[in-house]
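# A structural walkthrough
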Amino acid sequence: VGFVVLASDCLAAHVASRLPNAQHLRLAVSRTTLFSRGSAKTMMELFDGGIKIRRKGSLCSVGIGSLERQFDFGQGLKDAVVVSWPDVFTAHRSTAIPNIETYFETGPMERSLILYAKSAGWIMQLPLSRPILNAQLSFLPQGPSERQRASESRVIVAEVEDASGRVARSRLTTKEAYSFTAQSTLLVVSKILSGEWSAGYQTPAQLYGINDVTALEGVHLEDLATPS
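Here's a quick rundown of the structure. Numbering of residues starts from 1 in each chain and follows the order in which that chain's sequence is written. pLDDT decides what is reported in this predicted model: residues at 70 or higher carry local features, side-chain atom pairs at 80 or more are listed and counted, and totals for whole chains, interfaces and linings draw on all residues regardless. In computing side-chain properties, one takes all heavy atoms of the structure into account and sets aside hydrogens as well as water.

## So, the overall build of the protein chain
The cut-off we apply is this: Helix and strand assignments come from DSSP, with helices taken as H or I runs of at least 4 residues and strands as E runs of at least 2, each series counted from the N terminus. Only protein chains enter the accessibility calculation, which uses a 1.4 Å probe; a residue is then buried when its area is under 20% of its type maximum, exposed when over 50%, and partly exposed in between. Note that accessible areas follow from Shrake-Rupley with a 1.4 Å probe, and for residues the cover is restricted to the protein chains shown.
Within the protein chain, the regular secondary structure consists of nine helices and nine strands. When each of the 228 residues of the protein chain is scored for burial, the buried share is 44%. With the model as given, the accessible surface of the protein chain reaches about 11,600 Å², and the carbon-plus-sulfur share is 56%.

## Some details on the side chain of S170
We count it as follows: Polar contact is defined as a pair of N or O atoms within 3.5 Å, subject to the rule that within protein one atom must be able to donate a hydrogen and the other to accept it, and that residues adjacent in sequence are counted only when both atoms are side-chain atoms. Whether two residues are in contact is decided by their heavy atoms, any of which lying within 4.5 Å being enough.
The topology assignment puts S170 in strand β8 (residues 167–175). A polar side-chain atom of S170 sits 2.7 Å from a polar atom in the side chain of D223. Once residues within four sequence positions are removed from consideration, S170 is found in contact with L11, H14, V15, R18, I156, V157, A158, L221, E222, D223 and L224.

## Considerations on the pattern of salt bridges
Counted only if it meets this: One speaks of a salt bridge when a side-chain nitrogen belonging to Lys or Arg is within 4 Å of a carboxyl oxygen belonging to Asp or Glu.
One pass over the structure, following the stated rule, counts twelve salt bridges. Across the pair K191 and E196 runs a salt bridge whose closest N-O atoms are separated by 3.3 Å. Exposure remark for K191: the relative accessible area of 12% places this residue in the buried category. Take E196: its relative accessible area is 39%, and that puts it in the partly exposed class.

## Description of the environment of N21
Considering the arrangement of structural elements, one finds N21 in the loop between α1 (6–18) and β1 (24–29). Along the chain, N21 and D162 lie 141 residues apart, while their C-alpha atoms are 6.3 Å from each other.

## A short note on a nonpolar patch on the surface
Rules: Like-charged residues are merged into a patch within 9 Å and nonpolar side chains (Val, Leu, Ile, Met, Phe, Trp, Tyr) within 5 Å, provided each residue has over 30% relative accessible area and no salt bridge.
A contiguous nonpolar patch, built from I192, W197 and L207 and spanning about 300 Å² of accessible area, is present on the exposed surface. Along the chain, L207 falls in helix α8 (residues 204–207). Looking at L207, the relative accessible area reads 33%, which means it is partly exposed.

## Thoughts on the nonpolar core
Definition in use: Residues enter a nonpolar core if they are buried and are Ala, Val, Leu, Ile, Met, Phe, Trp, Tyr or Cys, with the set joined through side-chain atoms within 4.5 Å.
F3, L25, I97, V160, L172, F180 and V213 are the most contacted members of the largest nonpolar core, which has 36 residues in total. For this core, the secondary-structure elements that each account for two or more residues are α1, β1, α3 (87–95), β6 (99–105), β7 (153–161), β8, α7 (177–193) and α9 (210–214). The residues contacting L172, other than those within four sequence positions of it, are A7, L11, R154, V155, I156, I210, V213, T214, V219, H220 and L221. Formed by eleven residues, the second largest nonpolar core is a distinct cluster that contains A28, I53, A80 and V82.

## Examining the side chain of D9
Operational definition: Here Asp and Glu are counted as negative and Lys and Arg as positive; His is not counted, and neither are the chain ends.
Among the secondary structure elements, D9 is positioned in helix α1. R93 provides the closest opposite charge to the buried, unpaired D9, separated from it by 9.2 Å. At 2.8 Å, the side chain of D9 and the backbone nitrogen of A205 are in polar contact.

Okay, here's the thing in structure tokens:
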């Protein structure tokens, strides 16, 4: 119900509605300098094995750093690299698009992590490596301060493409991810308490939509490429 995956899932469903019969969905998230201790530990898990994508409806793995694209997060095209993200599962449920990839904007720090993972990722498989690394990460701050959170925003770009090569693209700007998660969690809880829910497993976009997301403070939606 947070930034991952409510924001990205509702954006994916929105852009998919602009291009019926889309065969490819690509989601990209802007980079951040704000990581909680827990997020840092989770990020390290992403380098444990291959990167998950969806091809022809099935989940499969590709190598770390093997897929790169450019996305416009609002300040021109920026490099991004494919990462494992929950949307390769949830967005398939929400849109039925068979081919899905998720990307993260890359800066110097991310490039260094990718190079390390490609050249020395085997070290992470050693029995003592993970406990030692987790102990080091425990010295990181528990989370960014309120002042730090207020100074940053996040951007998600979603693009879909059909078999003829037509593309639709949309961009969602939100508050910083932890701040957005507080907003969106309260939103979902309030909707559940008012009876807006359905039994069984649901993705956010199967119950709610982009209008619920854009109603939150600090959220802005832009429709970019329009299929002709």
